[in-house]
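# Secondary and tertiary structure notes
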Amino acid sequence: MVTLQTAVQCLCFNSSILQKYALWCGLILYSYAQHAQILDDSTKLKYGPTTTKYFYEQDVEENRIQYYNVDTSLLNFHHFEYNYLNGQFYQDLGNYGSALYLLKIPDAPRIGKNYGYNSFDPYAYNPKNIKYYNTLSPYTDIKYIQGGLGQQDIEAQHTRNISRRWNSGIQFRRMVSSKIYGVSQRREAQCSHYSFVAHTNYHTKNRRYNVLMNFSIFQHTFYETGGIFDADRGLTQDDMFEYRLESPNLYSVSNTRNRKNFLRSIDRRSQYHLYHQANLTNDSTIQLFHSFDYLKMLNRYDDIFLNRNKNFYPNIFFDNTQTSDYSRYALFENTGGIKGRKNFFYYKAYLRRKDFSRTLEGYTNLYERRVYAENFLGGSIKITPKDSMYVHVKAEYMPARDYHYSAEFSLKKIFFKYTGISYSPTLMQSEYAGNHFIWSNNFRNTQMQKLQTQATLKSKKIFFKPGIEYALLHSFVYFNSFAVPEQMNELIRVFCINTHYKIEFKPLCIEGQVSYNQLHGEDVLRIPEITSVSRVYLYGFLAKKALLLQAGTEVFWNSSYFANYYMPPTQAYYINNDFLVQSYPLVNVYINAKVKRTLFLLKLSHANQNMFAAGYFTTPFYTGLPRTFTFGLRWMFFD
C-alpha cells in the first residue's frame, strides 16, 4: 500500500487540475472511438429515460442489483437553492453559495477524529453518493439557472456505456452569485464555485467482480462581507434593508479587476474513491471487498485590508497588516473485509484504517504538521424477509476511544431507528492557530443517543408522513459567544416532531413540511422552534398534452430565534445572545413547464417584499435576497 499511496500523492501534488481533467475526459472521448454496438443494428428501441438507469455504491455493496430511472419530473424544479436541501432546513448568509448550518438535531458523524470544516459540505459531491449508470445510448443532462441578481447555476453531465458491462461519465457544476450590499461597482462576485466528477463502473459477465471508481475536484470561494455595518449608526433591524446602499462590516475593493484584492474564504478539495468486490463462491454467499479513499483539502481565509477591518476581529496575534490563514488536511483510508448475502440474510465484517494529517500555515513556524493513524473494527447484519420489511443492525468500534452502533426496523409503513455513539472532537475543535484565534483544547468525547420513528399514511388523495426524533447529548462541543469551541458538562435533550404532507385534488395540490423542535438544557443548539415550507400549485397537461405545467406559490417560514452569528476566518457559526432574527414569511411564485424532454422555469422570489416588511434576516446582520426573477432550463438527450 505504500507504493499505492506514493503514486497517488505524486498524482495529486504534482499534476495540475487540467491534467486531471484530461486524464478522465480522455477516457470518455476514447469510448466514442469504439465501434462495438450496445444493440444490434436491427434492434428497434426508442431511447429515453427507461433505457438509462443508474445505481449507487450501497446497492452493489449490499448485493441489491437495483436500478433507478432517470428523474425527468418537473415537480419542484424551481427549488434549486441550498438553504432547503433534500428536505432539510439550513441557516445561511442570505445569498447563493454561502456557508450553511443545519437546523435540526445533529446527525451522528463518523467516529474518529474528523477534520471539522464542514460549512461548505453540502455544495461538494459525496463520493459514496455518486450515481453510476448503465445506458443503452449516450445520455446528456444540462441544467441552466439564471437569477436576476447575478445568481447562476450550470450543471452538466454526460455518460455512456463503453461496453455492455462498462460505463463512464463526467459531471460538472459552475455556481456564482453577486453581492447584494457592500458593492463598489455594478456587479461584484460573492460566490464562485467549480466542481467536477469523473466516474466509471465495470462488472464481469457473471458479476463475480465489480469495481466502481470516481474522482472529484471542488473549489468554492466566498467573498466575505461580515454582514451589514451598524457600529456607529445604532441602526435597528428595520433600517438595514437599503441593500446596495448598505455598508459591509468588512471593507474590500472590487474583486473583478485586481485578483489580488481578496477578502475571501476558500474550500478546495480533490478526492479519489475506489470500491471493488469479488465473489469467492459461485453465488454471493462469500465475498471479499475493499474501498480506498484519498482526500486532500485546503481551507483558507484572506483579508489584505486588515488595517481597516481590525475592529471586526476579537484579536490580532501575528500580523497587523493582513490575514492569511491556511489549514491543510490529507487523508488515506482503506476499508476491507468479508461480506455476503444468502436469500434474505446479509452480513458484513471489516477493518478500517485511517492515516491522516493536518497542517496550519500562514505564519512562520506557527504550527507543525500533525500526523495521525486510527484503526476501526466494524460489521453489520441485515435481514430482509420481504420487500416491505427489514431489520438492520450495525456497529463500529475504535479501540479505547470511539464507538457507534445502530439498529433499524422497517415494516411496511413504519420505521424505527436507535443510534448510540461516542465520538472524538474534531481536529479544528481541538487545536487551531491563526491571526485572530488560537486555542488548544483537551475535550472529552461527545456521547449521543438518538431515537427516530416515522410512519407513512396515504390514500389516493392524501399523503401524510409524521415522524418523531429524540436525542440525548452529553459533553457536546459548540462555538460559544466568543466564537471559540467550548464543551458542555450538562445533558442536552432535544425533541422534534416533523411531518411531510401532500393533499391532491387534481389539478390542485397542497404539500409541505413542518418541524417542531424543543430543547431542554443549556441553549447551545440554535434551532427555531418551528420551521416550515408549504406549496399550493396547479399541476396538469395543457395544449392537447403537449405541455405539462406546474404553477403555484410556496411559503417558507420559521419562528423567531437567536440565530447563530458567523465568523469568516474559521468558517464557523457561533452563539448569538443579542440579535433576534424575526419570523418572516418568504413567498415565492413559480411556473415549471415541460415540453417533451425539456424543462422550463420562471420564478419570482421574495414576491412579498415590502408587503409585511422591507426584508428579512437569515443570520444576524445578513439579509436575505430582495425580490428577484429567475429563469431556468433543463435539457435531456438520450442519443
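The coordinates are above.
Residues numbered from 1 in each chain as written. Predicted model: local features only at pLDDT ≥ 70, side-chain atom pairs only at ≥ 80, totals over all residues. Heavy atoms only, no water.

## Concerning the overall build of the protein chain
- When its secondary structure is counted, the protein chain shows five helices and 37 strands.
- Counting the 639 residues in the protein chain, one finds 51% classified as buried.
- Long-range contacts, defined here as pairs at least 24 residues apart, represent 65% of the contacts in the protein chain between residues at least 6 apart.
- For the protein chain, the exposed area adds up to about 29500 Å²; of that, 57% sits on carbon and sulfur atoms. (Helix = DSSP H or I, 4+ residues; strand = E, 2+ residues; numbered from the N terminus. Buried < 20%, exposed > 50% of the residue type's maximum accessible area, 1.4 Å probe, protein only. Contact = heavy atoms within 4.5 Å. Areas by Shrake-Rupley, 256 points an atom, 1.4 Å probe, with all protein chains shown as cover.)

## A few points about the sheet that holds strand β2 (residues 68-69)
- With respect to topology, three strands assemble into an open sheet ordered β2-β1-β6, the strand pairing being antiparallel. Each of the sheet's edge strands pairs with one partner strand only, and the pair in question is β2 and β6 (132-135). (Pairing = 2+ DSSP bridges.)

## Things to note about the environment of K131
- In this structure, K131 sits in the loop between β5 (101-102) and β6.
- The partly exposed category is assigned to K131, whose relative accessible area is 31%.
- Taking the C-alpha atoms as reference, K131 lies 9.8 Å from T200; in sequence the two are 69 residues apart.
- Contacts of K131, omitting those with residues within four sequence positions, involve Y54, F55, Y56 and H199.

## A look at the packing of aromatic side chains
- A full pass over the atoms with the stated rule returns 43 aromatic pairs.
- Both rings, one in Y329 and one in F356, keep their centres 6.2 Å apart while their planes meet at 50°; by these two values the pair is tilted. Within this pair, whereas Y329 is found in strand β14 (residues 323-342), its partner F356 is found in strand β15 (residues 345-361), the two being separated by 27 residues in sequence.
- For Y329, a relative accessible area of 5% translates into the label buried.
- Classification of F356 as buried rests on a relative accessible area of 2%.
- Among the aromatic side chains, those forming a connected cluster through ring pairs are Y54, Y56, Y68, Y133, Y139 and F638.
- Above the face of the Y54 ring, K131 is positioned so that its terminal group lies 4.5 Å from the ring centre.
- Above the ring of F376, the side-chain terminus of R352 is found at 3.9 Å from the ring centroid. (Phe/Tyr/Trp six-rings, centres within 6.5 Å; stacked < 30°, edge-to-face > 60°. Lys NZ or Arg CZ within 6 Å of the ring centre and 35° of its normal.)

## Re the sheet that holds strand β4 (residues 88-91)
- The antiparallel open sheet is built from three strands, whose spatial order is β3-β4-β5. Edge strands, defined here as strands with exactly one partner in the open sheet, are β3 (84-85) and β5.
- Summarising the sheet, β3 and β4 pair through two bridges and their orientation is antiparallel. Residue pairing for β4: L85 is matched across the bridge by Q88.

## Things to note about empty space enclosed by the protein
- Scanning all chains against the criterion turns up four cavities of 30 Å³ or more.
- Along the wall of the largest cavity there are 42 residues; nearest its centre are N83, D92, L586, Y616 and T618.
- Where the lining of the largest cavity is concerned, the elements lending two or more residues are β4, β29 (530-542), β30 (547-558), β33 (586-595), β34 (598-605), β35 (617-619) and β37 (628-637).
- The class makeup of the residues in the lining of the largest cavity is 18 nonpolar, 21 polar and three charged.
- Roughly 90 Å³ of volume is contained in the second largest cavity.
- Lining the second largest cavity we find 14 residues, and of these F55, V60, I65, Y67 and R207 sit closest to its centre.
- Elements with a minimum of two residues in the lining of the second largest cavity: α3 (57-61), β10 (189-203) and β11 (209-223).
- Taken together, the residues of the lining of the second largest cavity sort by class into seven nonpolar, four polar and three charged. (1 Å grid on protein atoms, 1.4 Å probe; cavity = no way out; pocket = protein on both sides within 12 Å on 5 of 7 lines; lining within 4 Å. Points joined across faces, edges and corners; volume = space filled by probe spheres on them. Nonpolar A, V, L, I, M, F, W, Y, C, P; charged D, E, K, R; others polar.)

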